Amino acid sequence: METIVFDIGETLIRDDRYWASWANWLGVPPHTLSALVGAAVAQGRDSADALSILRPDMDINEASLARTAAGRGEHLAESDLYPDVRPALAELRALGVRVVVAGNGTVRAGELLRALDLPADLVVSSDEWGVSKPDPEFFNRVLEVSGAEPGSTLYVGDHPANDLFPAKSCGLLAAHLRRGACGYWWADHPDVVGNADFRLNALTDLPALLDKVPDAPRPRALRAL
């Protein structure tokens, strides 16, 4: 593997602050929104559907703008990183691996991530590219910036439908991370087991995998979860 590309939410960044902030904005207990996020994940739905369940008539984009205008928009700090992020990324770079962070997120999220000064060669969000996962064009952009062939580029993420399956469909290697509601819930699903080139419990598992290559192409998923 020459390049490893990382998802953002629930791969590098904990989402609990994000959901707690939304709960506070909507005036509901954080555990209520967290439970609804879990229910959406278990049903194979987008986790943002939890917001629509709470407020069916709410325009999420407009609400996001209102939160920002009120000074309660996106925020990231060192404490939002999972503890294995810096050690894993730093070790990979020391081993000569190109490290890229590319996942779904706003332009502001990209700015906040770069401000954390992660040990990465490139940090970019989907809104900065103008295309979001699971659109294949997102993974085409990943390959453009990877500096390596698809078979030497590994995409790491927690979400099968957004990360694992489309990355594999575009010819990349893919690792499923058992982290966050989605990562834990779908970790042992047959489609995940059958498609993932690697299954991780922590990002610090990655350096030991650098010399490992799948024995044969994995079957692609028959359906998105």
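Fair warning: this is a prediction, and the values are worked out from it, not measured in the lab.

### Quick word on the sheet that holds strand β4 (residues 153-157)
Judged by pairing direction, the sheet is parallel, and its six strands sit side by side in the order β3-β2-β1-β4-β5-β6 without closing on themselves. Of all strands in the sheet, those bounded by a partner on one side alone are β3 (122-125) and β6 (198-200). Adjacent strand axes in the sheet meet at a mean angle of 20°, parallel and antiparallel pairs treated alike. Direction of pairing for strand β1 (residues 3-6) relative to strand β2 (residues 98-103): parallel, over a ladder of four bridges. The partner of T3 across the bridge, within β2, is R98. On top of the sheet, helix α9 (residues 160-169) reaches β4 and β5 (173-177); it is set at about 160° to β5, its chief contact.

### Regarding the pairing of β4
Of all the five residues making up β4, five are buried; the element is thus mostly covered by neighbouring parts of the structure. Here β4 shows no split at all, with T153, Y155 and G157 on one side and L154 and V156 on the other all buried. For β1 and β4, the ladder comprises four bridges, and the chain directions are parallel. When the sheet's bridge partners are listed, T3 is paired in β4 with T153. With α9 bridging β4 and its parallel neighbour β5, the resulting β-α-β unit is right-handed.

### Considerations on the nonpolar core
Counting 35 residues, the largest nonpolar core has L33, A102, W129, F138, V142 and Y155 as the members making the most contacts within it. Of all the secondary-structure elements, those providing two or more residues to this core are α1 (16-26), α2 (30-42), α3 (49-54), β2, α8 (136-146) and α9. No other element matches the five residues that α8 contributes to this core. If we skip the residues at most four places from it in the chain, V142 touches V5, A102, W129, Y155 and L172. Ranked by size, the runner-up nonpolar core spans 32 residues in total, among them I13, Y82, V85 and L200.

### Some thoughts on the environment of F198
Mapped onto the elements, F198 comes out in strand β6. The exposure class assigned to F198 is buried, which follows from its relative accessible area of 10%. Along the backbone, F198 and L209 are eleven residues apart, and their C-alpha atoms lie at a distance of 8.4 Å.

### Digging into the state of the cysteines
Inspection of every chain in the model, using the stated rule, returns zero disulfides. In this structure C170 is not part of a disulfide, and its nearest cysteine sulfur, from C182, lies 18 Å away.

### What about the packing of α1 against α2?
Viewed as axis vectors pointing N to C, α1 and α2 meet at an angle of 120°, and their least axial separation amounts to 8 Å. Classified by the angle between their axes, α1 and α2 sit oblique to one another. Pair α1 / α2 crosses with right-handed handedness. Contacts from W19, W22 and A23 in α1 reach P30, L33 and V37 in α2. Among the residues forming the contact of α1 with α2, the class breakdown is six nonpolar, no polar and no charged.

### Some words on the confidence of the model for the protein
Across the protein, pLDDT averages 91, with 94% of residues at or above 70. Considering each helix and strand of the protein separately, the mean pLDDT is smallest for helix α4 (residues 60-69), with a value of 90, and largest for β2, with 98. Segment residues 215-225: pLDDT under 50, and 27 contacts once partners within four positions in sequence are set aside and those in other chains are kept.

### Let's talk about the environment of D127
Mapping D127 onto the fold places it in helix α7 (residues 126-129). Along the backbone, D127 and G105 are 22 residues apart, and their C-alpha atoms lie at a distance of 6.1 Å. Residues within four places of D127 in sequence aside, it is in contact with G105, T106, V107 and S132.

### With respect to helix α6 (residues 107-115)
At 3.6 residues per turn, the α-helix brings residues three or four places apart onto the same side. Listed in full, the buried residues belonging to α6 are A109, G110, L112 and L113. The arc enclosing the buried residues of α6, seen along the axis, measures out at 165°, which places them on a common side. Elements that come into contact with the buried residues of α6 comprise β3 and α7. A positive phi of about 55° marks D117, the residue just after α6.

Criteria and thresholds
Residues numbered from 1 in each chain as written. Predicted model: local features only at pLDDT ≥ 70, side-chain atom pairs only at ≥ 80, totals over all residues. Heavy atoms only, no water. Pairing = 2+ DSSP bridges. Helix = DSSP H or I, 4+ residues; strand = E, 2+ residues; numbered from the N terminus. Axes fitted to C-alpha atoms, helices over the stretch in contact; angles between N-to-C directions. Contact = heavy atoms within 4.5 Å. Buried < 20%, exposed > 50% of the residue type's maximum accessible area, 1.4 Å probe, protein only. Right-handed = clockwise from strand over helix to strand, strands pointing away. Core = buried A, V, L, I, M, F, W, Y, C linked by side-chain atoms within 4.5 Å. Disulfide = S-S within 2.5 Å. Parallel < 35°, antiparallel > 145°, perpendicular 65-115°, else oblique. Left-handed = near helix turned anticlockwise from the far one by under 90°. Nonpolar A, V, L, I, M, F, W, Y, C, P; charged D, E, K, R; others polar. pLDDT = per-residue confidence, 0-100. Arc of directions from axis to C-beta.

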